[in-house]
Each structure stands twice: as structure tokens, then as C-alpha cells.
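Reading the structure
This is what each chain is made of:
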Amino acid sequence: LHLRRELGLLRVELAGKKSSECGDDTSTLSSAAADGVGKRSTRIKNDGNTLMRSSSRRSEPALIRPIGTITSPFPQRAGTPRQGLLALHARSMLTLEDDLPFDVVDGLKEYSHVWVVFQFHLNPIGKGKDAKARRALSAKNTAKEGGNANDACNVTSCSNCGRVCICSSQRPPFPTKIRPPRAGGAKIGCIATRSPHRPNELGLSLALVEDITTESYGVSGGGKQRRRVVIRLLGLDLVDQTPVFDLKPYVPWDSVRNDLRVPAWVQQDDKLSEIRWSSDAKMAAIDARQDGELVPLYPPLSKRARKRVQESNNEDEVVQAITEIVRQDPRSIYEGRGNADAKTFDITFCALRVAFHVSGVGDESFAEIMSVQKDQGDATAESGSYQHSLYLRRQAEMEASRRGIKLTWMRPVQEGNAEDLYQLESGKKWLP
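Below, the structure is looked at part by part. These numbers were taken from a predicted model, which means no experiment stands behind them.

Quick look at the environment of G184 now. Inspection of the secondary structure puts G184 in the loop between strand 9 (177-178) and strand 10 (188-189). On the accessibility criterion, G184 (74% relative accessible area) is exposed. Considered as a pair, G184 and R337 are 153 residues apart in the sequence and their alpha carbons are 9.5 Å apart.

What follows is the structure in C-alpha cells.
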């Protein structure tokens, strides 16, 4: 344990020296760590790295770096299942960073489930006094460190080496109480819930391990393709591009067999009794998969595989996944969750926009899925949002199609990240 601590301090010191060698005028990581001794907590982020100081030994920092990124069918927070294992046909992929060899997952296939430790990376700033408090804290910290108080982020990094040199030593404001969907509007302390709004944006979710493989990508300097580990998961309730910090195998002792106690509101069964599909909507979902619209999570089925599905009288996997998600009533309490409403609601599943409405209450409640179509985005959505960015991307694709050009993007549209929207896989940039 002592050796680990010493190694952690050595890494921070080396990081500071490299930053100095790059000619950076700001404080180094090591000085930032030293200045924070005795303060509550410090988090330094840069390129997915997080530096956190232990509460028990505040002078000893620990480097937390994501081990990989999630690819999921949920590009937006709205519509993401609240409990992943209630949507077992929802597929996800965890792609590990390329500096992690296959050896790190040796033996993981022997487990059926894993705990996924991740970051709630899309938490909004908030509204009202919470937003004002966050802006005030950001302005205070940037001014204190000699930065621009108007900057969105209060950290400064070396432009040459990319290492963060300045950080906030105060915890950003967060709601101390929230209204869980099942609590009927009652406010509960955030730590007494599984809300993403917490003192630290860390989450824990359980998923089923389907397969572990490797994939080739890119071309290295020597002309050889690189390989990275891909873990395929089922029943995961994370937004697309969620950073993952660790995996923990699920073992029998994780299950509480006796003396399990939870509040009454947690035990409320608020799922819808029945999900009905219009014939057109169901066929549109199946056709979208066969047309390759849902890759890489749901590749087209071969003729033999489709025949097996039909003979078994089972629904297509995509149809089952959407059914499981809608059954959980993805509406918020402000949208009438738990009540009948003739209004149409929309959720995004992969590249599809699913429209449904809810009728009946209690044991007679049901949802009817009326349409499934390719998501074209929304021109009226807030600039920088997923729906607005997707609209711009779709417009570019239509313009290129008229010119007889097929565009291959560097990355999918991501909620909360509108940068490099027109960057192509070839390295060039599409100019609409």
C-alpha cells in the first residue's frame, strides 16, 4: 500500500516536470496537489483523466483514468432505462482504451454479470440558484487562478503536453434533494437515491456479459492495424459515450438474501401493463435493422437467422428492446409519468425515433407505439443539443447525397458535444 502511494506521488511529480518542459507558465500538477493539502477535495480533468485527492490522506492524489467508453442505443438521457436489467435486449459495447491489453479481461468470460463503474458525464448545470452558484464558483476559481471568468471550464492545460495545471479546490454545487420518479413527487436526499445528481458524478450499474472480443481499428505508424478489447453487454442503462472507470465481477455475495430493507416508494411498481405496436411501426423497426441503420449494436440478420426468429414465434430483438424500454414509462414526472395522456412522446433508440402515447391507469395502463422512423433531428431544438446537432448532420448528408457523395463521419452525434460535427473519418472536414 505504501509503495502504491509513493508511485502515485511520483507520477504526479513527473507530470509536473513534463508540463514545465513544455514551457507552460501555469502551475504544475505537483504544485496544484501541494496547494490543495487540507481542502475538501480536488478534481483535475483533462482528456478523460481525473485526479482526485483522498479524503483521509488529502496530500496523496490518486489518478483515475477511464478504461473505456460505452456505445449504447441511447444517445440522449431522455429515454435511457432507469433500470438496465429490465431491458435485457438493450445491447451495449464497452470499448477499452488501446493501452489496455487483452490480458486484463482474461477470465472475465467466466462471470455472467459485471458491475460497471462510470461517470454521469451529461449532468446539466441546473436551473435557478444551482446554476447561479455554479457560474459564481467557476468565475471565482478562474479569477483566482488568473484565468478568464467567462470561460466555461475553470481549468487550464498546457497546449503542448495537454496536462492540466490548474483546478478548482471547491466542490461544485449539486441538489441536496431530488424527486425520484417513483417517489410521487416527494423530495429525497440525493445520496438516498440513485440519481445522477450527486456530490461526485459517479455511478454503478449491473450488466450481463454477452461476449468479449477484440477489434481492429486505424493504422499505426508501422502500417499495422491496432487492436483493442470490446466487451459486449446486455441490459445496461448508460447513455452513449459514457466514460467507464472500472468493471467489477458480480459474485454471489453481492446478493442480499435476507434482511433487505428499502423504502416503500422504491417498491412501487410503476411499469406499464401492456405495450401495443402498430403494424407499420413494428415493420419499420425490423426494416431499419435489416437496412443497417442500427449497426454496430444490431447488425442485419441473415436469412437463416430471420427464419429462426419467425419459427420460434419470438419478436425481433430490436422490437423486444424498444418494448422493454417503453414499458418502464420513460416519461418524467413533469411529463405525466404514471398517468394517461393522449399527447405523443418521443424517445431515441439508436438512429430511430420512437413515438408512443400512454392510455389507462394502474393495472389497465398501456402504451401504444405508433411510429418508428429514422431520427432526422430537430431544427427548433436548442443549439448544441443532440437533436439540433443531428438535424445539422442529416442536412449535410442530404446535401452530399445530391452531389453523389457518401459521407463517413469520424464519430456519431453526441449529446453535450457539438464539436467536430462535420469531421470526416478521412481526416477532412465537410463544409456545408
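The subject of this paragraph is the packing of aromatic side chains. Per the counting criterion, the structure on display carries six aromatic pairs. Taking 6.3 Å as the distance between ring centres and 70° as the angle between the ring planes, the aromatic pair formed by F74 and F349 counts as edge-to-face. Of this pair, F74 sits in the loop between strand 4 (68-71) and strand 5 (91-96) while F349 sits in strand 15 (residues 341-349), placing them 275 residues apart in sequence. Residue F74 is classed as buried on the basis of its relative accessible area of 1%. With a centroid separation of 5.7 Å and 45° between ring planes, the pair formed by Y298 and F349 is classed as tilted. With Y298 in the loop between helix 4 (279-290) and helix 5 (303-311) and F349 in strand 15, this pair connects stretches of sequence that are 51 residues apart. The two residues Y298 and F349 agree in class, both being buried. Joined through ring pairs, the aromatic side chains of F74, Y298 and F349 make up one cluster. Of note, R331 hangs over the ring of F345, and the distance from its end group to the ring centre comes to 5.4 Å.

A separate point is empty space enclosed by the protein. By the definition in use, this model includes two cavities of 30 Å³ or more. For the second largest cavity, the calculated volume is near 30 Å³. Forming the boundary of the second largest cavity are F74, G79, I322, I325, I347, T348 and F349. Looking at the lining of the second largest cavity, the elements that each hand over two or more residues are helix 6 (317-327) and strand 15. Here the lining of the second largest cavity gets three residues from one element, more than from any other, and that element is strand 15. Looking at the lining of the second largest cavity residue by residue, the classes come out as five nonpolar, two polar and no charged.

Backbone hydrogen bonds are what pair the strands of a sheet, in a parallel or an antiparallel way. Strand order in the closed barrel formed by six strands is 4-5-12-11-6-13, and the pairing between neighbours is antiparallel. Ignoring strand direction, the axes of neighbouring strands in this sheet form an average angle of 50°.

For soluble globular proteins, the rule of thumb is that nonpolar side chains tend to be buried together. W277, Y298, F349 and I369 are the most contacted members of the largest nonpolar core, which has 32 residues in total. Within the residue set of this core, elements represented by two or more residues are strand 14 (274-277), helix 4, helix 6, strand 15, strand 16 (352-359) and strand 17 (366-374). The leading source of residues in this core is helix 6, at six residues. The residues touching Y298, leaving out its near neighbours within four places in the chain, are H89, A90, R91, R289, E317, V318, A321, F349 and C350.

For the rest of this paragraph, the subject is the environment of G218. Locating G218 in the fold gives a position in the loop between strand 11 (202-217) and strand 12 (226-234). The residues touching G218, leaving out its near neighbours within four places in the chain, are Q225 and R226.

A few words now on the packing of helix 4 against helix 6. Where helix 4 meets helix 6, the axes come as close as 9 Å, and the angle between the chain directions of the two elements is 125°. One finds that helix 4 runs oblique with respect to helix 6. Two packed elements cross with a definite hand, and for helix 4 against helix 6 that hand is right-handed. Where helix 4 abuts helix 6, its residues K282, A285, I286 and R289 lie against E317, V318 and V319. Of the residues contributing to the contact of helix 4 with helix 6, the split by class is four nonpolar, no polar and three charged.

The step from V295 to P296 runs through a cis peptide bond, and the omega angle for that step is 5°. Position of P296 relative to the elements: it lies in the loop between helix 4 and helix 5. Backbone geometry at Q241 places phi at a positive 75°, although glycine is not the residue there. By secondary structure assignment, the location of Q241 is in the loop between strand 12 and strand 13 (243-249). Given a relative accessible area of 24%, Q241 falls into the partly exposed group. A positive phi is found at D420, a non-glycine position, where the angle reads about 55°. In this fold, D420 is placed in the segment after helix 7 (386-402).

Calculation rules
- Throughout this document, residue positions are counted from 1 along each chain, in the order its sequence is written.
- Side-chain atom pairs in this predicted model are given and counted only at pLDDT of 80 or more, local residue features only at pLDDT of at least 70, and totals for whole chains, interfaces and linings cover all residues.
- The side-chain numbers reported here are obtained from all heavy atoms of the structure, hydrogens and water having been left aside.
- Helix and strand definitions here come from DSSP, where helices need a minimum of 4 consecutive H or I residues and strands a minimum of 2 consecutive E residues; each element is numbered from the N-terminal end.
- Burial status follows relative accessibility: with a 1.4 Å probe on protein chains alone, a residue under 20% of its type maximum counts as buried, one over 50% as exposed, and anything between as partly exposed.
- Ring geometry is summarised as follows: Phe, Tyr and Trp rings, the Trp one being its six-membered ring, pair when their centres sit within 6.5 Å, and such pairs are stacked at plane angles under 30 degrees, edge-to-face over 60 and tilted between the two.
- Only when the NZ of Lys or the CZ of Arg is both within 6 Å of the ring centre and within 35 degrees of the ring normal is a charge said to sit over the ring.
- Grid spacing is 1 Å over the protein atoms alone, the probe is 1.4 Å, and a cavity is where that probe fits but cannot get out, while a pocket is an open set with protein on both sides within 12 Å along at least five of seven lines and lining residues have an atom within 4 Å of a point.
- Grid points are joined across faces, edges and corners, and a volume is the space filled by probe spheres set on the points.
- By the convention adopted, Pro, Cys, Tyr, Trp, Phe, Met, Ile, Leu, Val and Ala count as nonpolar, Lys, Arg, Asp and Glu as charged, and the other residues, Gly among them, as polar.
- At least two DSSP bridges between two strands are required for those strands to pair.
- Only C-alpha atoms enter the line fits that serve as axes; for helices the fit covers just the stretch in contact. Angles between N-to-C directions range over 0 to 180 degrees.
- Side-chain atoms within 4.5 Å are what join buried Ala, Val, Leu, Ile, Met, Phe, Trp, Tyr and Cys residues into a set we call a nonpolar core.
- What makes two residues a contact is simply this: any of their non-hydrogen atoms within 4.5 Å.
- For classification, angles of less than 35 degrees are called roughly parallel, those exceeding 145 degrees roughly antiparallel, those between 65 and 115 degrees roughly perpendicular, and all remaining angles oblique.
- In a left-handed crossing the near helix is turned counterclockwise from the far helix by less than a right angle, and in a right-handed crossing that turn is clockwise.

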